[in-house]
Amino acid sequence: MERRSARIRRARGRHWSCWAVALALLGAVTGVAGRADEVSKQQMHSLDEQVQDIKSDVLGIASELNRLEERLLYPSDTQLALFVSMKEGETFRLDSVSVQIDGQPVARHIYSFKELEALQKGGVQRIYTGNVATGDHRLDVAMAGKLPSGADFQRNQSFSFSKKVEPKLVGITLADSGDASIQLGAW
Amino acid sequence: MPVAASAVEPAADAAVVSSRRLDLRDLYFGEALYEAYQGRYFEALERVDSELVGHYGVDEPALDSLQYHIKTAEFSVGALELNYRMNLRAGRAVKAVLEADVEDAVRNLAAYRLARIQFQKGHPADALDALDHIHGAVPEDIRDDVQLLRANVLLAMGRPADAIGVLKPLQGSETVAGYSAYNLGIALLQNGRAQDALAQLEAAGRLPASDPAALAVRDKANFVLGTLYFEANQFGPAQQSLDRVRLEGPYSNQALLRAGWADASAQNFERALVPWAILAEREPTDAAVQDALLALPYAYSKLDVHGRAAVLYGRAVDAFGKELAKVDASIESIAQGRFLEDLVREEIRQDKDWVIRLRSLPEAPETFYLMSLMASHDFQTALQNYLDLEDMRKKLVAWQGGLDAFDDLIRLRRAYYKPLLPEIDKQFRKLDAQMRLRLEQRKSLDRRLQHLLIAPRPDYLATADEQSAAAWIERAEAGLAGQSGPAREALQHRIDRLKGALIWAQETQYHRRLTDTHTHLRELNADVEKLNEQYDSFVRARQRAMHSYVGYERPIGNLRERIGRSLERLDALKTAQGQVLEAVATRELRARRERLEAYENQARFAFADSYDRAAKAQAAAAAPAEQGTK
């Protein structure tokens, strides 16, 4: 047993001597790197704080720009926003949604996997923002996708809605079957 | 501690609010969630910020649809900021939730988030303080995570005995089983209970696991256990533990290297060949693989197979030479600024494994060694910051273009509306005067009708014929005023009869006429309402026309200035951040270079030595044969 240990120690001794040069070099490098690490760590933290600060600024600009854009492009008395969501528990694959207002195509979207997942989790997509005159309008919604069974499906539904002087928000809820596969929500 | 082992924790979840789906009442908040669930935290924050500003800006926030989600929205700001790597603001937002009067579940989730931030920032005492805010109902989906975090915080504070107390009840948890088993092993080790630690790590290394994160933790448990046995010269158990590390996991290379050394240390060089031979065929930029390139011929030389050893040392020299060339090309490429250019390549970042793909870009040598840099949290933060800065720069530049488009739009609107409006206003004033007159007349009629209900006046409801007859009678009576005699009396009598007939008709038809008049007035109301609607519609259209080009100069000017200032600041910051990244990358590459040079020298020396030994062995083998021939 003792002989075995001695052999192992010798073997390891040889092994370590093989790497001695490399380790010595590495040690030297690590020593220098250690001090440099400290410097760049401090630098990185300081930069990180500055980046966080500028993120706040840019978010503030984005928010102000949104308000300006809304005021300039979508005045409240003509503003119409269409939102798409999926009914809870739906597992069908939504490929695309297209929307027409008064017979005019206004939006068409093809969904990525990430977007589909976001809808399934309960996120709501704003598919269209635009302007319509006050009064009654027609809305045609078409969706295409794949059912859990693998079969392709397509649904179309027409609705009417009334635009008054305040901004109009229309929620379109999608499901995969039945007569009510596309529903308009009152918001 | 014999090995550099630290506690592990699950990766931060991206759930912004909670794992269950919200019963959504506010579409714009739903839109923020849609962005957040896709990892688009900037857009999500922008949406939630706007919604909150809008909510608190309305006269009656209680009637706003965000009211249903207001606590969740306020809390999600902190969570989104955390995900967008805005720790400073996130901490403040979450603290505000803690201090507010909110339900237990929300406060506890906020406290947990805050504790995580503090722990990640290296402030375990503050993290523990946040965790101490947790009481009452804790959401089911974070209950075990809270305890795991508490244990990790206690370990970081050097209180392993307390951590053990927290971790023991977590054994068998469905959500954090692997983490709690491994961390208990580390806590026992820190507490000086080496044998218990080995037994615990043994158990952690055998736990069933299926998802990649749990498999990686199990691999880590086996790797640490193997290393502990190795350090204690227990090569057999070390070998068994290291054999349990998966060949495809993140600890695979290190485990193969260590397994080889366990065999070699036990003088079992033949067995050491197996893991080292596997490792030597892997990606040569990995440090463990480079070690294996030297270790493999070393094992052959120990087995006195000097010829094979010489060949492998020769290959190692070639491999190190190639790696040195790559490192040199990388350093050169970084000096030319190509490292930063590659980092922001859009087509690469579309891939979730973009860091791995960067390494395989044939025309981007500067990125070959990025994987090892990515292991550093600081480098990851710096890299992510650089990418965030680049994204923000693109946004700001696009917004600048957007403001120019707004200017054009306003100019065109002004050119269209300004000449039209004076004439429209002139016509409107004329119509407005007529309309006011008619409305006043209608009001007067209404007043008179109301008065008739109190003091009936049938003559007010006379028809046009009756009015004209009454006027004629009045004129006729006036004509008779200066006359006398029987003829006059006869005429007067006839006039009286006519007057009587008129009064009879007005008196007897009075109620019907009053009802008819009311009915007609009501019918007029509908027309008046329509007129008012048209009037309002015109006023709104007039205002819209005016507001479509007036009053934008200042906000657009301010925004342009803010964007310009931010761009200037951002560019300077991006340059500084890029320089740090380049410096860290170059430093890492230089260290790698020195190491590779040392390895190359070592391999060259060993190659010569093995070659001599092989030649001598060949000569020694040939000598008896020659003697036999003679």
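This is a predicted model, so every value here is computed, not measured.

What counts and what doesn't
- Residues numbered from 1 in each chain as written.
- Chains lettered and ligands numbered in written order.
- Predicted model: local features only at pLDDT ≥ 70, side-chain atom pairs only at ≥ 80, totals over all residues.
- Helix = DSSP H or I, 4+ residues; strand = E, 2+ residues; numbered from the N terminus.
- Buried ≥ 20, exposed ≤ 12 C-beta atoms within 10 Å, placed from the backbone.
- Contact = placed C-beta atoms within 7 Å.
- Pairing = 2+ DSSP bridges.
- Core = buried A, V, L, I, M, F, W, Y, C linked by C-beta atoms within 7 Å.
- Expected span 1.5 Å × (residues − 1).
- Axes fitted to C-alpha atoms, helices over the stretch in contact; angles between N-to-C directions.
- Parallel < 35°, antiparallel > 145°, perpendicular 65-115°, else oblique.
- Left-handed = near helix turned anticlockwise from the far one by under 90°.
- Nonpolar A, V, L, I, M, F, W, Y, C, P; charged D, E, K, R; others polar.
- pLDDT = per-residue confidence, 0-100.

Turning to the overall build of chain B, a few remarks are in order. Tallying secondary structure elements over chain B gives 25 helices and 0 strands in all. Referenced to the eigenvectors of the C-alpha coordinate spread, the extents of chain B come out at roughly 190 × 55 × 40 Å. Here chain B holds 630 residues, and 36% of them are scored as buried. In chain B, the share of contacts with a sequence separation of at least 24, taken over all contacts with a separation of at least 6, comes to 62%.

Bringing the overall build of chain A into the picture now. Summing up its helical and strand segments, chain A has 2 helices and 8 strands in all. Burial status across chain A gives 21% buried among its 187 residues. Contacts in chain A between residues far apart in sequence, at least 24 positions, make up 66% of those at least 6 positions apart.

The phi dihedral of Asp102(A) is positive, around 50°, even though this residue is not glycine. Within the fold, Asp102(A) resides in the loop between strand 2 (93–101) and strand 3 (104–110). Its 12 C-beta neighbours within 10 Å are what place Asp102(A) among the exposed residues. Of note, the phi angle at Asp304(B) is positive, near 65°, even though the residue is not glycine.

For strand 5 (residues 135–146) of chain A and strand 6 (residues 152–163) of chain A, the ladder comprises 12 bridges, and the chain directions are antiparallel. Residue Met143(A) lies in a different strand from strand 6 of chain A, and its bridge partner there is Arg155(A).

Moving on: the nonpolar core. Of all hydrophobic cores here, the largest spans 168 residues; its most connected members are Leu131(B), Leu296(B) and Ala299(B). Setting aside anything within four residues of it in sequence, one finds Leu131(B) in contact with Ala111(B), Ala115(B), Val146(B), Leu149(B), Arg150(B) and Val153(B).

Given 3.6 residues per turn, any residue in an α-helix points the same way as the ones three and four places further on. An ideal rise of 1.5 Å per residue puts 56 Å on 38 residues; helix 24 (residues 510–547) of chain B measures up with 54 Å between its terminal C-alpha atoms. Judged by how many residues are buried, helix 24 of chain B sits mostly at the surface: 0 of 38 residues are covered.

Residue and element names in this part refer to chain B. In the contact formed by helix 7 (residues 143–156) and helix 8 (residues 160–167), the axes pass within 8 Å of each other and the chain directions differ by 165°. Between helix 7 and helix 8, the crossing angle belongs to the class labelled roughly antiparallel. Both helix 7 and helix 8 take part in a crossing whose hand is left-handed. Contacts from Gln147, Arg150, Ala151, Leu154 and Leu155 of helix 7 reach helix 8 at Pro160, Asp162, Ala163, Val166 and Leu167. A per-class count over the contact of helix 7 with helix 8 returns 7 nonpolar, 1 polar and 2 charged.

All right, on to the confidence of the model for chain A then. Residues and elements named next belong to chain A. Taken over all residues, the pLDDT of chain A has a mean of 80, while the share at 70 or more is 76%. For chain A, per-element mean pLDDT is lowest for helix 1 (residues 2–73), which scores 63, and highest for strand 3, which scores 97. Per-residue pLDDT stays below 50 along residues 1–33; that stretch engages in 24 contacts with residues further than four places along the chain or on separate chains.

Turning our attention to the sheet that holds strand 6 of chain A. The strands making up a sheet associate through backbone hydrogen bonding, with each pair oriented either parallel or antiparallel. Residue and element names in this part refer to chain A. Strand order in the open sheet made by the 4 strands is 3-2-5-6, with antiparallel pairing throughout. Strand pairing shows two members of the sheet lacking a second neighbour, strand 3 and strand 6, which therefore form its edges. Direction aside, the axes of adjacent strands within the sheet are offset by 15° on average.

Right, let's talk about helix 1 (residues 27–37) of chain B for a bit. Residues and elements named next belong to chain B. The buried count for helix 1 comes to 11 of 11 residues, which makes it a mostly enclosed element. Every buried residue of helix 1 is listed here: Leu27, Tyr28, Phe29, Gly30, Glu31, Ala32, Leu33, Tyr34, Glu35, Ala36 and Tyr37. Phi turns positive one or two residues past the end of helix 1, at Gly39, with a value near 80°.

The next thing to look at is the interface of chain B and chain A. In this complex, chain B contributes 59 residues to the contact, which on the side of chain A involves 55 residues. Secondary structure elements with two or more residues in the side of chain B that touches chain A: helix 1, helix 2 (41–57), helix 4 (87–99), helix 13 (252–265), helix 21 (377–454), helix 24 and helix 25 (553–629) of chain B. Across the side of chain B that touches chain A, the residue classes tally to 32 nonpolar, 12 polar and 15 charged.

Here we come to the confidence of the model for chain B. The predicted model of chain B averages 86 in pLDDT, with 91% of residues at 70 or higher. Complex prediction metrics read pTM 0.73 and ipTM 0.82.

Turning to the packing of helix 11 (residues 212–231) of chain B against helix 13 of chain B, a few remarks are in order. Residues and elements named next belong to chain B. Close contact between helix 11 and helix 13 brings their axes to 11 Å; oriented N to C, the two are set at 25°. Compared by their axis directions, helix 11 and helix 13 come out roughly parallel. The handedness of the crossing between helix 11 and helix 13 comes out as left-handed. Across from Phe223, Gly226, Thr227 and Phe230 in helix 11, the residues of helix 13 making contact are Gln254, Ala255, Arg258, Trp261 and Ala262.

The residue Ala455(B) is located in the loop between helix 21 and helix 22 (464–480) in this model. Sequence spacing of Ala455(B) and Leu170(B) is 285 residues, and the spatial spacing of their C-alpha atoms is 91 Å.

With that settled, consider the environment of Leu431(B). As for its placement among the helices and strands, Leu431(B) is situated in helix 21. Along the primary structure Leu431(B) and Gln336(B) are separated by 95 residues, whereas in three dimensions their C-alpha atoms are 74 Å apart.

The next thing to look at is the environment of Ala105(B). Residue and element names in this part refer to chain B. In this fold, Ala105 is placed in helix 5 (residues 104–120). Take Ala105: there are 15 C-beta atoms within 10 Å of it, and that puts it in the partly exposed class. Ala105 sits 33 residues away from Val138 along the chain, and the two C-alpha atoms are 5.4 Å apart.

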